[in-house]
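Structural features, examined
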Amino acid sequence: MDNNIFKFLEFVFNLIVAMTLASCGFESGNNIIQSENIDTNKTNNKTKSSVSTKKSQPNNLAANNNNGIGDLERLTHQQINQYRISRNLPPLKLDKSISQQARINSQNMAQDKVPFSHEGFEGRIASVSSTISYRSAAENIAYNQGYRDPVERAVAGWIKSPGHHKNMIGNYNLTGIGMAKNSQGEYYFTQIFVLENNF
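Residues numbered from 1 in each chain as written. Predicted model: local features only at pLDDT ≥ 70, side-chain atom pairs only at ≥ 80, totals over all residues. Heavy atoms only, no water.

**Here's the deal with the environment of Y83**
To keep it simple, the criterion reads: Secondary structure is summarised from DSSP: a helix means a run of H or I of at least four residues, a strand means a run of E of at least two, and numbering begins at the N terminus for each.
Structurally, the position occupied by Y83 is in helix α3 (residues 69-86). For the pair Y83 and I169, spaced 86 residues apart in the sequence, the C-alpha separation amounts to 8.5 Å.

**Remarks on the pairing of strand β4 (residues 134-145)**
One face of the sheet, then the other: side chains in a regular strand alternate in exactly this way. Put simply, the rule is: For every residue, the accessible area obtained with a 1.4 Å probe (protein chains only) is divided by the maximum for its type, and the residue is called buried under 20%, exposed over 50%, and partly exposed between those limits. Here the rule is simple: two strands pair whenever DSSP picks up at least two bridges between them.
β4 sits mainly inside the fold: 10 of its 12 residues count as buried. In this structure, β4 lies alongside strand β6 (residues 186-196), joined through 11 bridges in antiparallel fashion. In the strand pairing of β6, I141 is matched with T190.

**Here's the deal with the pairing of strand β5 (residues 174-181)**
Taking burial as the measure, the eight residues of β5 include seven buried ones, the bulk of the element. Both strand β3 (residues 93-94) and β5 contribute to a ladder of two bridges, which runs parallel. Considered in β5, the bridge of K93 is made with L174. Pairing between β5 and β6: eight bridges, direction antiparallel. Residue I177 lies in a different strand from β6, and its bridge partner there is Q191. Hairpin connection of β5 to β6: four residues between the antiparallel strands, including G185 at a positive phi of 80°.

**Topic: the confidence of the model for the protein**
What counts here: pLDDT is defined as a per-residue confidence score from the predictor, taking values between 0 and 100. Contacts were defined at the residue level, with two residues in contact if any of their heavy atoms lie within 4.5 Å.
Summing up the model confidence of the protein, the mean pLDDT is 74 and the portion of residues at 70 or higher is 66%. The element-level mean pLDDT for the protein is lowest in strand β2 (residues 46-47), coming to 24, with β3 highest at 96. Between residues 39-66, whose pLDDT stays under 50, and residues either more than four places distant or in other chains, the model counts 63 contacts.

**Thoughts on the packing of aromatic side chains**
The geometry of two aromatic rings is summed up by the distance between their centres and the angle between their planes. To keep it simple, the criterion reads: Only Phe, Tyr and Trp rings are paired, with Trp represented by its six-membered ring, and only when their centres lie within 6.5 Å; those with planes under 30 degrees apart are stacked, over 60 edge-to-face, the remainder tilted.
Taken as a whole and assessed by the stated rule, the structure comprises five aromatic pairs. Ring geometry for F116 versus Y143: centroids 4.9 Å apart, planes at 80°, classification edge-to-face. Placement of F116 in the loop between α4 (96-110) and α5 (121-129) and of Y143 in strand β4 is noted, with a sequence separation of 27 residues between them. Of the two residues, F116 and Y143, neither departs from the other in class, the shared state being buried. Taken together, the ring pairs connect F116, Y143 and Y188 into an aromatic cluster.

**Considering the packing of α4 against α5**
Selection rule: To get an axis, fit a line to the C-alpha atoms, keeping to the stretch in contact for a helix; angles then go from 0 to 180 degrees between the N-to-C directions. The cut-offs work like this: below 35 degrees is roughly parallel, past 145 is roughly antiparallel, 65 to 115 is roughly perpendicular, and the gaps in between are oblique. Whether a crossing is left-handed or right-handed is set by the direction in which the near helix is turned from the far one by less than a right angle, anticlockwise for left-handed and clockwise for right-handed.
Two numbers describe how α4 lies on α5: the axes approach to 9 Å, and their chain directions differ by 155°. Our classification of the angle between α4 and α5 gives roughly antiparallel. In the packing of α4 onto α5, the handedness of the crossing is right-handed. Across from I98, Q101 and N105 in α4, the residues of α5 making contact are R124, S127 and V128.

Written as structure tokens, this is what we have:
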């Protein structure tokens, strides 16, 4: 078979696979957006997705905030709360210690130190639990590239995905949001949701 025909057929196959993923809440192509969610309920020890306990290490937190990432994190928080309020739900309070854990995860994914996954979620929550007594916690992640408004794109993707949407409108009172951008222009998002024990 001619090599060009083989490459074309491979391209068509990959396009069909990408279209199938898009119907499940994922989109692919030049403008990439992917996301995953996880929900851990501490009260009954039920975990809806398995994760490893490998801990992420902090790296260059200040540089990300100096490049406008902090503004994008605040905008993500604002859009999530606007959506919750539109559903008659209370807004989530942004917590610095939770955001730090989310930011570390996004930076590690952006720098290929960990895969795009919930790897280390249990470690992030263990770090959070050193200062916050919690009943349940969940996590949404996303990444995208090539969009004028990466925040709007990520939040819209989460709203369309049943699992992420469940976390967004879930019974939580605290959140942490961390973002990172790599040299390829990919934006990585991590949002952690927490329900305090005394709430």
